[in-house]
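Overview (structure and organization)
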Amino acid sequence: MDVHAADTLSLTSSIRDLSFGNNSVSISFCSGSSGTVSGSDRSLSTGDSKVGGKVSGSMSRDDCQEEGSNVSREPSFRGCGGHVSKPHRGSDVRWEAIGGVLGGKDGDSELGLGDFRLLRKLGAGDIGSVYLAELRGTGCLFAVKVMDKGMLEGSKKSVRARTERDILGLLDHPFLPTLYSHFETDKFSCLLMEFCSGGDLHTLRQRQPQKHFSEHAARFYASEVLLALEYLHVLGVVYRDLKPENILVRDDGHIMMSDFDLSLRCSVNPVLVQGSSDMACRMSAYCIEPSCIDPKCELPVCVEPRCLQPSCFKPRFSNPKVPRVKMERIRLPASGSLPQLIAEPTNARSMSFVGTHEYLAPEIIRGDGHGSSVDWWTFGIFLYELLHGRTPFKGNGNRETLFNVVGQPLKFPEGSGVSFAAKDLIRGLLAKDPQKRLGFKRGAAEIKQHPFFESLNWALIRSILPPEIPKPVDPSFLKHAVKSSAPSNEKGTTAATDSDRSSGPYLDFEFF
Ligand SMILES: Nc1ncnc2c1ncn2[C@@H]1O[C@H](COP(=O)(O)OP(=O)(O)OP(=O)(O)O)[C@@H](O)[C@H]1O
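These numbers were taken from a predicted model, which means no experiment stands behind them.

**A short note on the overall build of the protein**
If you tally the helices and strands in the protein, you get 12 helices and 19 strands. Burial analysis of the protein (512 residues in total) assigns 60% to the buried set. Of the accessible surface of the protein, which amounts to about 20400 Å², a share of 51% is contributed by carbon and sulfur atoms.

Below, the structure is given as structure tokens:
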């Protein structure tokens, strides 16, 4: 069986360095008895900047992230060796298809827009539009996110685009997107990702009886999201934008988390802890938002005195020169159970006002500064919404919603049939004080042990039959793409008129 990163983390008892795709992430191991650890209706009111249902607000200094975000780890396709650096997605036929196309090129070994037949616009976000595209002559479908570079620069969103691209380049996990390629034309910046044929969880939820999922289905989706968040935290990525709209369903019914342009990157020091659940092992992490090497850029307002200077952007990937962060001494039980991964960048701090109203954590609204615990808050709202068909603090307007999040107690609808375990988990996650929130100390490891997930075998989660499997994409769909014109590609030709490689008409690019 192909054991993925998440599974490996649950099972391995003697690992010191785990490889996640192209990044070797250093994991300290707490061993034995010594105990020494080394676009929607959820939009925004006036006063904030509206971002397609998201807040990216006044306290944010995201604009200075770009220059520092110079980590680009997407695989190189020269020599078709890209798949080597993504071992967990290595068997993916799309790598072979890409390799085949690149192999047939003379001299020009890069993918470009001209290599794709654009079939349908899947949606538009705040920084770009996403198209369903076929890699010409292969039958392989991809999602291509196309961003207008002029628009990005003009609206100062290039930092977000860069953040998303950098994070996508880091990922190699079954529930996170694979970035197959990134390419640029004069006008556009394009990200090539896996196409998810099942739509998003928001749409899927609305198709359910009474517009909410069964507890069985909600547990399934929540557990996959939890593993994805755990992996992101291992990499020092705080996701910050969890909501059903951002959880896509793959053709096999498993999920893929999307949309990383509002994520925060921090330095984190994950540890494996041998022992039982009641130990407290604190993680140390550094605030590094905004990442900026420009000395003119204002330094982040960080509540941690250890806040790094902005030039230190990258998470520490096995860098022996970087001294290990000192960990608290912990007491370990004599007979340990399976080791736990603790990968919580708890001390990361951001003052940015980002997220979606109904999902914003109280500390973000209050402007207290926030860290990785915001992901556990949003996880609680997410689970509540999957189970009840609505979020818990929604008011008549965005102002009221924000007021409710901060000031109103959590309530569950009477007679909903939701189990005590589910409510108890949601209560733990929706603690208004981040320090009292479930997951604050030990991250996903703490949440996985909650009785709501008792019946789950975490290591085998990818083998669980999903609650719903999308209908396969109709092959005739590929032959009957909508007729329209096409954009100029980087070679100055247009895809639509490139008839020698076409089998049908093409979609227009529309922007914003
Ligand atoms: N890999 C994919 N497969 C299928 N559909 C996708 C894929 N990626 C994105 N989409 C669709 O395209 C839409 C736009 O996605 P995109 O990530 O650009 O915007 P968004 O989620 O609204 O966020 P943002 O405003 O931050 O860009 C999404 O709502 C989703 O429905």
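Structure shown, so let's carry the discussion forward.
**Some points on helix 4 (residues 158-170)**
The terminal C-alpha atoms of helix 4 lie 19 Å apart, and with 13 residues this matches the ideal 18 Å at 1.5 Å per residue to within 8%. Of all 13 residues in helix 4, 12 are buried; the element is thus mostly enclosed. Among the residues making up helix 4, those that are buried are Ser158, Val159, Arg160, Ala161, Thr163, Glu164, Arg165, Asp166, Ile167, Leu168, Gly169 and Leu170.

**A few points about the confidence of the model for the protein**
Taken residue by residue, the protein gives an average pLDDT of 72. The fraction at 70 or more is 60%. pLDDT under 50 marks residues 1-41. Its contacts with residues more than four places away, or in other chains, come to 120 contacts. A low-confidence stretch, residues 43-53 stays under pLDDT 50, and its non-local contacts, those more than four residues away or across chains, total 28 contacts. Interface predicted TM-score (ipTM) for the complex: 0.97; the corresponding pTM is 0.73.

**Side note on the pattern of salt bridges**
Counting across every chain of the model gives 18 salt bridges. The partner of Arg162 in a salt bridge is Asp166, and the shortest N-O contact between them spans 3.5 Å. Of this pair, Arg162 and Asp166 both sit in helix 4, 4 residues apart, roughly one helical turn. What makes Arg162 partly exposed here is its relative accessible area of 22%. On the basis of relative accessible area, Asp166 is assigned to the buried category, the value being 0%.

**What about the sheet that holds strand 9 (residues 179-184)?**
Sheet architecture is open: 5 strands sit in the order 6-7-8-10-9, paired in antiparallel fashion. If you trace the sheet from one side to the other, it starts and ends with strand 6 (116-124) and strand 9, each paired once. Strand-to-strand twist in this sheet, taken as the mean axis angle between neighbours without regard to direction, amounts to 25°. Pairing of strand 7 (residues 129-135) with strand 8 (residues 140-148) involves 7 bridges; the strand directions are antiparallel.

**Section: the nonpolar core**
If you look at the biggest cluster of nonpolar residues, it comprises 75 residues, and the most contacted ones within it are Met257, Phe379 and Phe453. Per-element tally for this core: the top contributor is helix 6 (residues 215-234), with 12 residues. Each of domain 1 (3-198 + 469-503) and domain 2 (201-272 + 341-463) contributes no fewer than three residues to this core. What Phe379 contacts, discounting residues up to four positions off in sequence, is Ala222, Val225, Leu226, Leu229, Leu242, Leu429, Ile447 and Phe453. Counting residues in each nonpolar core, the second largest holds 21 residues, with Leu118, Ala133, Cys190 and Leu192 among its members.

**Some words on unusual backbone geometry**
One non-glycine residue with positive phi stands out, namely Lys156, at about 55°. Checked against the element boundaries, Lys156 lands in the loop between helix 3 (149-154) and helix 4. You will see that Asp259, though not glycine, has its phi angle at about 75°, which is positive. On the secondary structure map, Asp259 appears in the loop between strand 13 (255-257) and strand 14 (264-265).

**Points about the pairing of strand 6**
Pairing analysis gives 7 bridges linking strand 6 to strand 7, with the strands arranged antiparallel. In the sheet register, Arg117 faces strand 7, and the bridge partner there is Glu134. Connecting the antiparallel pair strand 6 and strand 7 is a turn made up of 4 residues.

**A look at the packing of helix 8 (residues 373-388) against helix 10 (residues 420-429)**
At their nearest, the axes of helix 8 and helix 10 sit 8 Å apart, and the two run at 150° to each other. It follows from the interaxial angle that helix 8 and helix 10 lie roughly antiparallel. Judged by the twist between their axes, the crossing of helix 8 over helix 10 is left-handed. Side by side, helix 8 and helix 10 meet where Trp376, Trp377, Phe379, Gly380, Leu383, Tyr384, Leu387 and His388 of the first sit next to Ala422, Leu425, Ile426 and Leu429 of the second. For the contact of helix 8 with helix 10, a count of residues per class yields 10 nonpolar, 2 polar and no charged.

**Let's talk about helix 6**
With 20 residues, helix 6 should reach 28 Å at 1.5 Å per residue; the first-to-last C-alpha distance of 28 Å fits that figure. Note on helix 6: the residue one or two positions beyond its end, Gly236, has a positive phi of about 80°.

**Remarks on the packing of aromatic side chains**
Scanning the model with the defined rule gives 12 aromatic pairs in all. The interplanar angle of 10° and the centroid separation of 5.9 Å between the aromatic rings of Phe116 and Phe183 together place this pair among those described as stacked. Residue Phe116 is located in strand 6, and its partner Phe183 is located in strand 9; the two are separated by 67 residues in the primary sequence. Note on accessibility: Phe116 and Phe183 belong to one class, buried. Their ring planes at 55° and their centres at 5.3 Å tell us that Tyr239 and Phe260 sit as a pair that is tilted. Of this pair, Tyr239 sits in the loop between strand 11 (237-238) and strand 12 (247-249) while Phe260 is found in the loop between strand 13 and strand 14, placing the two residues 21 residues apart along the sequence.

**Digging into the environment of Lys157**
Looking at where Lys157 falls in the secondary structure, it is placed in the loop between helix 3 and helix 4. In this view, Lys157 contacts Asp126, Ile127 and Leu152; residues no more than four positions away in its chain are not counted. There is a polar contact of 3.4 Å between the side chain of Lys157 and the side chain of Asp126.

**Here we look at the state of the cysteines**
Here the structure, examined in full by the defined rule, presents 0 disulfides. Among the cysteines around Cys190, which has no disulfide bond, Cys140 carries the closest sulfur, lying 18 Å off.

**Quick look at the pairing of strand 9**
With 5 of its 6 residues buried, strand 9 lies for the most part within the structure. Pairing geometry for strand 9 and strand 10 (residues 188-194), over 5 bridges, is antiparallel. Opposite Phe183, over in strand 10, you have Cys190 as the bridge partner. Hairpin connection from strand 9 to strand 10: 3 residues lie between these consecutive antiparallel strands.

Conventions adopted
- Note on numbering: residues in each chain are counted from 1, in written sequence order.
- Since the coordinates come from a predicted model, pLDDT governs what is reported: local features require at least 70, and pairs of side-chain atoms require 80 or more to be given and counted, while whole-chain, interface and lining totals use all residues.
- Where side-chain values are given, they derive from all heavy atoms of the structure, hydrogens and water being excluded.
- Each helix is a run of DSSP H or I of at least 4 residues and each strand a run of E of at least 2, with the numbering of both proceeding from the N terminus.
- Each residue is placed in one exposure class: buried if its accessible area under a 1.4 Å probe, protein chains only, is under 20% of its type's maximum, exposed if it is over 50%, and partly exposed if it falls in between.
- Note on areas: Shrake-Rupley with a 1.4 Å probe; residue coverage comes only from the protein chains shown.
- For a helix, the expected span equals 1.5 Å multiplied by the residue count minus one.
- Per residue, pLDDT measures the predictor's confidence, with a range of 0 to 100.
- Contact definition: two residues touch when any of their heavy atoms are within 4.5 Å.
- Whenever Lys or Arg places a side-chain nitrogen within 4 Å of a carboxyl oxygen from Asp or Glu, that contact is recorded as a salt bridge.
- Think of it this way: DSSP has to see at least two bridges between two strands before they count as a pair.
- Axes here refer to lines fitted to C-alpha atoms; in helices the fit is confined to the stretch in contact. Angles between the N-to-C directions go from 0 to 180 degrees.
- Definition of nonpolar core: a set of buried residues of the types Ala, Val, Leu, Ile, Met, Phe, Trp, Tyr and Cys, connected through side-chain atoms within 4.5 Å.
- Bear in mind that the domain bounds are from an automatic or database domain assignment.
- We call two directions roughly parallel when the angle between them is under 35 degrees, roughly antiparallel when it is over 145, roughly perpendicular when it lies between 65 and 115, and oblique otherwise.
- Here a crossing is taken to be left-handed if its near helix is turned anticlockwise relative to the far helix by less than a right angle, and right-handed if that turn runs clockwise.
- Here the term charged refers only to Asp, Glu, Lys and Arg, the term nonpolar to Ala, Val, Leu, Ile, Met, Phe, Trp, Tyr, Cys and Pro, and the term polar to all other amino acids, Gly among them.
- To pair, rings of Phe, Tyr and Trp, with the six-membered ring standing in for Trp, must have centres within 6.5 Å; the planes then decide the type, stacked if under 30 degrees apart, edge-to-face if over 60, and tilted in the middle.
- Identification of polar contacts relies on pairs of N or O atoms within 3.5 Å, with a donor-acceptor requirement for protein atoms, meaning one able to donate a hydrogen and the other able to accept it, and with residues adjacent in sequence counted only if both atoms are side-chain atoms.
- For the purposes of this analysis, a disulfide is any pair of cysteine sulfur atoms at a distance within 2.5 Å.

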